[in-house]
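Listed below, chain by chain, are the residues.
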Amino acid sequence: MIKIDIQNIKSITTGLLLENEPMINHTTFGVGGLADCYFMPSDIIELKEVLKYTYANNIRTFFIGSGSNVLVSDNGYDGIIISLKKTFKNLEILDNGTITSDSGVMLGSMVKKATKKGIEGMESLIGVPGTVGGALYMNAGAYKHEISNYFHSALLLDKTGIEKIYKKKDVKFDYRNSSFPEDEILIKAIFQYKKGDIETISKNKKEASNKRKMSQPLKYRSAGSIFKNPNKKFPAGYLIDQSGLKGFRIGDAEISTKHANFIINRGKAKSKDIIKLINIAKNEVFKKFKIELKLEIKLLGFEYD
C-alpha cells in the first residue's frame, strides 16, 4: 500500500481533508473503522487536482455519497474516500421539467422541490436515502419507478480528472445497476421530467411515504435494502423471512422484524456482526430455496471488496 502524503494533498486543496477519519461518522449504518483520508473538495478544480495526484501516485480512491448504501469494515479503508455531499449541491428545476442536479444533492430534497413545482415521475422516490449521484449510479428505485426513467445526460470525471459526458444512449440501466464506470465520479446529472397535476402528485407522494413508513424500520440506523430482489415473484425480504431469520441478532446487529431485507444497528453494532448476518441470510436462503442472494450495498475495506 502506498503511504499517503497528507501534506502534499493539503498543498493542492483547500477542501476538508480529514486524516484517520472514523467512517462511523459518515455511514447511515453508523459502523466502520478509520479511513486513511476523507476528502470533501470545495470545487471541481480541486477535485481534478486530487484525482490527478492519486492516479499518479497509485493511491486507492473510493467515491461515497451520503454513506447510505455502503458497509465499511471495522478495519477501515487504506486509501482516500472522496465525498461531494457538502459542496456539490447546486440544483436547478425549470418549469418545463428539466432538472439539473449536482451529485451531492440529497435525492429527497430534489424530489420534494420538484414535486412542489408540479413535476411528476419521481413521487415514489420520496424517502429513498442518499445523494442524486449515488442514486443514479445504482439506479435507485421504489414501487416500480427508477431514477433512470427520466435520465438525460451526466458529467463525470475519470480517475485522471478528465471530464466525460454520458448521454442516455451511452448508459445501460438495469435493476439496481448502471454501466457508469465504478472508477469514475459523477459530478452533475440532467433529467427531463414532465409536468403533471399537483394534487395527484401530492397524493402519490404521500402514499409512497406512508408505505415506506409502514414497511421499513426507519427508526434504526441501516443501509437500506441489503440484497437485490432476485425476481418479482420472490423478493429478498420474503425469502429471508421464510428462512426463519426475522429478528435474528448478533450483538447489536439484527435482521429487522419489520422488513427482513434490512439489517439494523440497535446501537453499537460492528461491521463484523453485520457481515455475519449477511452470510447467514445468503446461506439459509440458498439452502431452502436454491436462490443466491446478491448484495445491493457496497462493501468497503473487506479483504474481498
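Residues numbered from 1 in each chain as written. Predicted model: local features only at pLDDT ≥ 70, side-chain atom pairs only at ≥ 80, totals over all residues. Heavy atoms only, no water.

Asks: Can you help me understand the packing of aromatic side chains in this one?
Replies: For any two aromatic rings, the description comes down to two numbers: the centre-to-centre distance and the angle of the planes. One pass over the structure, following the stated rule, counts ten aromatic pairs. Judged by centre distance (6.0 Å) and plane angle (75°), the rings of Phe 173 and Phe 180 are edge-to-face. Note on Phe 180: relative accessible area 3%, which makes it buried. Members of the aromatic cluster, each reached through a chain of ring pairs, are Tyr 137, Tyr 150, Phe 151, Tyr 166, Phe 173, Phe 180, Phe 191 and Tyr 193. The positively charged end of Lys 211 is found above the aromatic ring belonging to Tyr 143, 5.1 Å away from the centroid. Over the ring of Phe 289 we find Lys 288; its NZ or CZ atom is 5.8 Å from the centre of that ring. (Phe/Tyr/Trp six-rings, centres within 6.5 Å; stacked < 30°, edge-to-face > 60°. Buried < 20%, exposed > 50% of the residue type's maximum accessible area, 1.4 Å probe, protein only. Lys NZ or Arg CZ within 6 Å of the ring centre and 35° of its normal.)

Asks: I tried to follow the pattern of salt bridges on my own but got confused; where do I start?
Replies: Pairs can form between side chains of opposite charge whenever their charged atoms are close. Tallied over the full model, the rule gives twelve salt bridges. Where Glu 184 meets Lys 164, a salt bridge forms, and the shortest distance between an N and an O atom there is 2.9 Å. Of the two residues, Glu 184 is situated in the loop between β14 (177–178) and β15 (185–192) and Lys 164 in strand β12 (residues 163–167); the sequence distance between them amounts to 20 residues. Judged by relative accessible area, which is 31%, Lys 164 ranks as partly exposed. In this structure, the salt-bridge partner of Lys 246 is Asp 241, at a minimum N-O distance of 3.7 Å. (Salt bridge = Lys/Arg side-chain N within 4 Å of Asp/Glu carboxyl O. Helix = DSSP H or I, 4+ residues; strand = E, 2+ residues; numbered from the N terminus.)

Asks: Please explain the side chain of Asn 139 as it appears in this structure.
Replies: Counting through the fold element by element, Asn 139 comes out in the loop between α4 (132–137) and β9 (141–142). In this structure the side chain of Asn 139 is engaged in a polar contact, spanning 2.8 Å, whose partner is the side chain of Ser 148. (Polar contact = N/O pair within 3.5 Å; in protein donor to acceptor, adjacent residues only side chain to side chain.)

Asks: Teacher, can you tell me more about the sheet that holds β15 here?
Replies: To summarise the sheet geometry, strands pair through backbone hydrogen bonds and adopt either a parallel or an antiparallel arrangement. Here we have five strands laid out as an open sheet, ordered β6-β7-β15-β11-β12, and antiparallel in their pairing. Every interior strand has two partners, whereas the edge strands, β6 (91–93) and β12, have only one. Pairwise comparison of adjacent strand axes, ignoring direction, gives a mean angle of 10° for this sheet. In this sheet, β12 lies alongside strand β11 (residues 151–157) in antiparallel orientation, the contact comprising five bridges. Paired with Ser 153 across the two strands is Lys 167, which belongs to β12. Strand contacts of helix α2 (residues 44–56): β11, β12 and β15, with the helix running at about 55° to β11, the strand carrying the most contacts. Along the sheet face, helix α3 (residues 107–116) touches β6, β7 (98–102) and β15 and points at about 25° away from the line of β6. (Pairing = 2+ DSSP bridges. Axes fitted to C-alpha atoms, helices over the stretch in contact; angles between N-to-C directions. Contact = heavy atoms within 4.5 Å.)

Asks: Please clarify how helix α5 (residues 198–215) should be interpreted in this entry.
Replies: The α-helix advances 3.6 residues per turn, and as a result positions three or four apart in sequence lie on the same side. Between the first and last C-alpha of α5 there are 26 Å, a value that for 18 residues agrees with the 26 Å anticipated at 1.5 Å per step. Those residues of α5 not exposed but buried are Ile 201, Lys 205, Ala 208 and Arg 212. Projected down its long axis, α5 carries its buried residues within an arc of 65°, all on one side. Structural note: α5 exposes Glu 199, Lys 203, Lys 206, Lys 213 and Met 214 on the side pointing more than 90 degrees away from its buried face. Residues of α5 that are buried in the fold lie against α3, β8 (119–120) and β9. (Expected span 1.5 Å × (residues − 1). Arc of directions from axis to C-beta.)

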